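In case you want the letters, here they are:
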Amino acid sequence: MFIGNLPKSFVFCLVLPICSLLIVGISGCFKTPHPSSVIKGDIEISTNNEGDLCFEPLFATTALNDEPIQIKYMKMRSLEIYNYDVPKDQSRTMLTIAPIDKKYYILKKGENICLDTDNPNLKQRIFRPFKTQSVVVGIGGIDDKEEENVYFLREFDYPYVPE
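Residues numbered from 1 in each chain as written. Predicted model: local features only at pLDDT ≥ 70, side-chain atom pairs only at ≥ 80, totals over all residues. Heavy atoms only, no water.

Engineer: Can you lay out the overall build of the protein chain for me, pointing to particular residues and giving the numbers?
Structural biologist: Each helix and strand counted, the protein chain has one helix and ten strands in total. Along its sequence from the N terminus, the protein chain presents helices and strands in the succession α-β-β-β-β-β-β-β-β-β-β. Scored against the burial criterion, the 163 residues of the protein chain give a buried share of 34%. Partitioning the contacts of the protein chain with sequence separation of at least 6, the portion at a separation of at least 24 is 62%. Here the protein chain has roughly 10900 Å² of accessible surface; of this, 57% comes from carbon and sulfur atoms. (Helix = DSSP H or I, 4+ residues; strand = E, 2+ residues; numbered from the N terminus. Buried < 20%, exposed > 50% of the residue type's maximum accessible area, 1.4 Å probe, protein only. Contact = heavy atoms within 4.5 Å. Areas by Shrake-Rupley, 256 points an atom, 1.4 Å probe, with all protein chains shown as cover.)

Given below as structure tokens:
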């Protein structure tokens, strides 16, 4: 009986540590953004030819811990418009624009995201109607090196009146 269980326990004792080391070793190969720091930047708001609002992340304004930092592009997770006047126990999200089939959408310098976009790679979802109110737009994702989270932010009054 002891000899019959010997191969099972031997294999278990040998295979488990090897598999554990492989999993730990492989997981170190994938980059994940640093959770405690965020690259922050501003957003420029404009309108397109159809009168739709457009939001362009201003890469020249990016900073990490108040130090300027250059990024070539960002991997966007989503653009969201919030209303912070909504009570905390309710969803403040009014609208999202996010990639359809992929985790990220590559957003390059000078590129903007417009409401009612015809971009086949992005999907817009409206959760609350827009009224005359103060709202916040945020574009979030990770940097081009996949090392830091990136968040562009701007508060504005809706309906937007160009300055």
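This is not the end of the story, as more comes after the structure.
Engineer: Kindly report on the side chain of Glu80, identifying the contributing residues and their values.
Structural biologist: On the secondary structure map, Glu80 appears in strand β4 (residues 73–82). Despite its burial, Glu80 pairs with no opposite charge, the nearest such side chain being Arg77 at 9.5 Å. Only 2.9 Å separates the side chain of Glu80 from the side chain of Tyr82, close enough to count as a polar contact. (Lys, Arg positive; Asp, Glu negative; His and termini not counted. Salt bridge = Lys/Arg side-chain N within 4 Å of Asp/Glu carboxyl O. Polar contact = N/O pair within 3.5 Å; in protein donor to acceptor, adjacent residues only side chain to side chain.)

Engineer: Which residues make up the state of the cysteines, and what values do they have?
Structural biologist: Tallying each qualifying case throughout the model produces one disulfide. One disulfide in the model links Cys54 with Cys114; its S-S distance is 2.0 Å. Here the S-S torsion is close to 100 degrees, and the disulfide linking Cys54 with Cys114 is therefore right-handed. Taken together, the residues Cys54 in strand β2 (residues 53–64) and Cys114 in strand β7 (residues 113–114) connect sequence positions 60 residues apart. (Disulfide = S-S within 2.5 Å.)

Engineer: Go over the packing of aromatic side chains, please, and point to the residues and values.
Structural biologist: Here the structure, examined in full by the defined rule, presents five aromatic pairs. Relative to Tyr84, the ring of Tyr82 lies with its centre 5.8 Å away and its plane at 15 degrees, an arrangement referred to as stacked. The buried category is assigned to Tyr82, whose relative accessible area is 15%. The exposure class of Tyr84 is partly exposed, given its relative accessible area of 46%. Taking the centre distance of 4.8 Å and the plane angle of 50 degrees together, the rings of Phe130 and Tyr158 count as tilted. Of the two residues, Phe130 sits in the loop between β8 (122–126) and β9 (133–143) while Tyr158 sits in strand β10 (residues 148–158), which places them 28 residues apart along the sequence. Residue Tyr158 is classed as partly exposed on the basis of its relative accessible area of 24%. (Phe/Tyr/Trp six-rings, centres within 6.5 Å; stacked < 30°, edge-to-face > 60°.)

Engineer: Mind laying out the pairing of strand β5 (residues 93–99), listing which residues take part and the relevant values?
Structural biologist: Within β5, six of the seven residues are buried, which leaves the element mostly enclosed by the surrounding structure. Relative to β5, β4 runs antiparallel, the two sharing four bridges. In the strand pairing of β5, Ile81 is matched with Leu95. Sheet topology note: the β5/β8 ladder contains five bridges and is antiparallel. Looking at β8, one finds that Pro99 is bridged to Leu122. (Pairing = 2+ DSSP bridges.)

So far we have only geometry, and geometry alone does not tell us how the molecule works.
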